[in-house]
Amino acid sequence: MAINGTLNDLAMCGATPKYLSLALIIEEGLKFDALWKILVSISEIARENMVEVVTGDTKVVDRGKGDQLFINTSGIGELHAKACIGIGHIQAGDHILVSGQVATHGMAIMSVREGLEFETSLCSDTCYVGDITVRLINSFGHKIHFLRDPTRGGLATTLCEIASKSLLSVRLEEASIPVHPQARSACEMLGLDPLYVANEGVFVAVVAPEVSAEALEIIRSFKIGRDAAMVGMVTDEYPGKVVLRSGIGGKRILPMLPGEQLPRIC
Amino acid sequence: MKHLEEYRNADIAARYLDDIHKVVTRPWSIMEICGGQTHSLVRNGIIELLPQSINMVHGPGCPVCVTPVAIIDKAIHLSRMSRVVLCSFGDMLRVPGTRESLLSAKAAGADVRLVYSPLDVVQLAKKSPGSKFVFLAAGFETTAPANALALIQAEKLGLDNFYVLSAQVLVPPAMELLLSDADTQVDGFLAAGHVCAITGYMAYLPLARQHQVPIVITGFEVLDLLLGILHCVRQLEHGEAEVANQYARVVKPNGNSQAREWMARVFEVSDREWRGIGTIPQSGLEPSIKYRRFDANFAFAMANVPAETSHSCIAGQILKGMKKPGDCASFRKECTPLHPLGAPMVSSEGACAAYFNYAKISS
């Protein structure tokens, strides 16, 4: 997750990751096997994506002074020649695509949290999404206006950021947002809104309307993008606001949430 | 979970809405009792799809909202004691007490833990005999059976380090109070489906008869709410005042007999203060004499610190359905989910939080 997170951050800027730094803060007593397993998985992901880990650091802290292991990475990538990505490029009329089902990662993590274990076949969908974004930029260049991976705070928070920073409005169709039925059920059970649950391996693309159908097809041609969907569009109706149309046609504004969502009483 | 699709079907919803528009001929005020229903109404944009002559009034059915400040203060006080662990459901943590919330007490070093069931606290207590575990038991009849079961288990295990701080409340006495209050103008009720799943609805029959109001036991999904409103409006238009059960797939006339037996075994009914409303006679549940050793109020010495609430907060009037969140001068200004002045802004079931989070376009 740590590596994919950094690689995806680069991909969201329109860059191909090249170099990584890797810093480890290890709590005294961490099993060597566990550390080795993590290092092997890091090297596998780096090799798969032709990224070199070029620098790093290791610190060991006393037992009880760290939660086993902290991994910190940062990366440098090469910007795609055709990339022209930024919130300032978003225009009214743009379409909003989501590359996969939202809330799967957050609910998979929650299902194994102590005291809350529930049965599910959901597993975290963490993965590198840069192969898809490079294809999109290759195909449509500056018509891909904005990319973002909606990790902490979920899809809603990312869209709120888009609306507030672009001073445009986002019109979202609740019925078209892909959510795995199990993640949806788990959210219902705990009183959580899937739109605010964290994601990994999912990205939001804001694209010019004339390329959106084709872009969606490209995303869907990847295994990790098979559930991609167009979920809404950018308008200038309500500057700075995200407006959600519910399944039965009622409209409401999606707000930024203060802090984490907390499961409710009944 | 099939019901998510079934009970949110847009075509059927449109049909029910159409029926409601056809049936209604004059203004009616309908109160949904439960905060879960308030949220579903606002979240799905149902209110704006109803005829303008139907005024949905939001009721007091949010357990977090009606928990008095004094109990929050007590919980914070307990959490600061050495070797005491205060356990609570998540949405209780942000509720402001007189000076702070459980979340800020936790940040300052108190041992406050978020749990998902009172039975988890029993397990924690069993595992750590050196600490005392207090569960802040807020909730309506829906959560009381699980709390009762936790006490029964604690007794079976012979635990002497598990306690509850009870903030449990009962719905019918609150409805009685609202109906007797001349300031409350409610023509019909949607009763809380999940409360009735436990208690049944026999207690509502005399209320409907005596006060001549229709009471429709209603679920929480889009179609449940629309059908509940339709049943209620039909009765009002025909001058009827019956108890009707829209939520028959879950609610039986006598409720859940096992759950009621546990509640009766462990708890006794007591007078209870409701935040913003005042004391309602016979509206709370406390551990009965047999289970009193598990009652945190008896097990710990606690000074009675005078509790204070914000003067500008109108939570009481909102909980009684006399005002709506938008009528409050502090709403969205000094009072936000990040800096709540009153509990309805905190809980996921509070009316103010519903209006804040799921604002209509016009606001």
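A.B. asks: So, the overall build of chain B: which residues are in play, and what are the values?
C.D. replies: For chain B, the count of helices and strands is 17 helices and 11 strands. Seen through its principal axes, chain B has C-alpha atoms that stretch 65 × 45 × 40 Å. Scored against the burial criterion, the 363 residues of chain B give a buried share of 54%. Counting contacts in chain B only where the partners sit at least 6 residues apart, residues at least 24 apart contribute 77% of the total.

A.B. asks: Give me the pairing of strand β8 (residues 229-235) of chain A: which residues, what numbers.
C.D. replies: All names here are of chain A. In the sheet, strand β4 (residues 95-98) pairs with β8 via 4 bridges, with the strands oriented antiparallel. What sits directly across from His95, in β8, is Met233. Where strand β6 (residues 169-173) and β8 come together, 4 bridges link them in antiparallel fashion. Within β8, the residue paired with Ser169 across the bridge is Thr235.

A.B. asks: Outline the environment of Val134 of chain A, supporting the account with residue identities and numerical values.
C.D. replies: Residues and elements named next belong to chain A. Tracing the chain through its elements places Val134 in helix α4 (residues 130-140). For Val134, a count of 17 C-beta atoms within 10 Å gives the class partly exposed. Sequence-distant contacts of Val134, that is, excluding residues within four places in its chain, are made with Thr16 and His80.

A.B. asks: Explain helix α5 (residues 154-166) of chain A residue by residue, including any values.
C.D. replies: Residue and element names in this part refer to chain A. Between its first and last C-alpha, α5 extends 19 Å over 13 residues, near the 18 Å set by a 1.5 Å rise per residue. Burial in α5 covers these residues: Gly154, Leu155, Ala156, Thr157, Thr158, Leu159, Cys160, Ile162, Ala163 and Ser166. Check the buried side of α5 and you find it contacts β4, β5 (144-148), β6, β7 (204-207), β9 (242-245) and β10 (251-254).

A.B. asks: Now, about the sheet that holds strand β2 (residues 52-61) of chain A: what can you tell me, with residues and values included?
C.D. replies: Sheets are built from strands that pair by backbone hydrogen bonding, the pairs being arranged parallel or antiparallel. All names here are of chain A. Strand order across the open sheet formed by 3 strands is β2-β1-β3, with mixed pairing between neighbours. Each edge of the open sheet is held by one strand with a lone partner, namely β2 and β3 (69-79). Averaged over neighbouring strand pairs, the angle between their axes works out to 15° when direction is ignored. As judged from the 11 bridges shared by strand β1 (residues 15-27) and β3, these two strands associate in the antiparallel manner.

A.B. asks: Break down the sheet that holds strand β6 (residues 162-169) of chain B for me, citing the residues and quoting the values.
C.D. replies: All names here are of chain B. Pairing is mixed in the open sheet, where 6 strands are placed in the order β4-β3-β5-β6-β11-β10. Each edge of the sheet is formed by a strand with only one pairing partner; in this case those strands are β4 (112-114) and β10 (267-274). Ignoring which end each strand starts from, the neighbouring axes of this sheet average 25° apart. Against the sheet, helix α8 (residues 118-127) makes contact with β3 (84-88), β5 (132-139) and β6, and its axis sits at roughly 175° relative to β5, the strand it touches most.

A.B. asks: Before we move on, could you go through the domain arrangement of chain A and cite the residues and values that matter?
C.D. replies: All names here are of chain A. Per the domain assignment, the segments of chain A are domain 1 (2-79) and domain 2 (87-254). Across the contact, 9 residues belong to domain 1 and 13 residues belong to domain 2. Among the elements of the structure, α1 (2-12) and β1 are those that each provide at least two residues to the side of domain 1 that touches domain 2. Its residues placed into classes, the side of domain 1 that touches domain 2 shows 4 nonpolar, 5 polar and no charged.

Parameters at a glance
Residues numbered from 1 in each chain as written. Chains lettered and ligands numbered in written order. Predicted model: local features only at pLDDT ≥ 70, side-chain atom pairs only at ≥ 80, totals over all residues. Helix = DSSP H or I, 4+ residues; strand = E, 2+ residues; numbered from the N terminus. Buried ≥ 20, exposed ≤ 12 C-beta atoms within 10 Å, placed from the backbone. Contact = placed C-beta atoms within 7 Å. Pairing = 2+ DSSP bridges. Expected span 1.5 Å × (residues − 1). Axes fitted to C-alpha atoms, helices over the stretch in contact; angles between N-to-C directions. Domains from an automatic or database assignment. Nonpolar A, V, L, I, M, F, W, Y, C, P; charged D, E, K, R; others polar.

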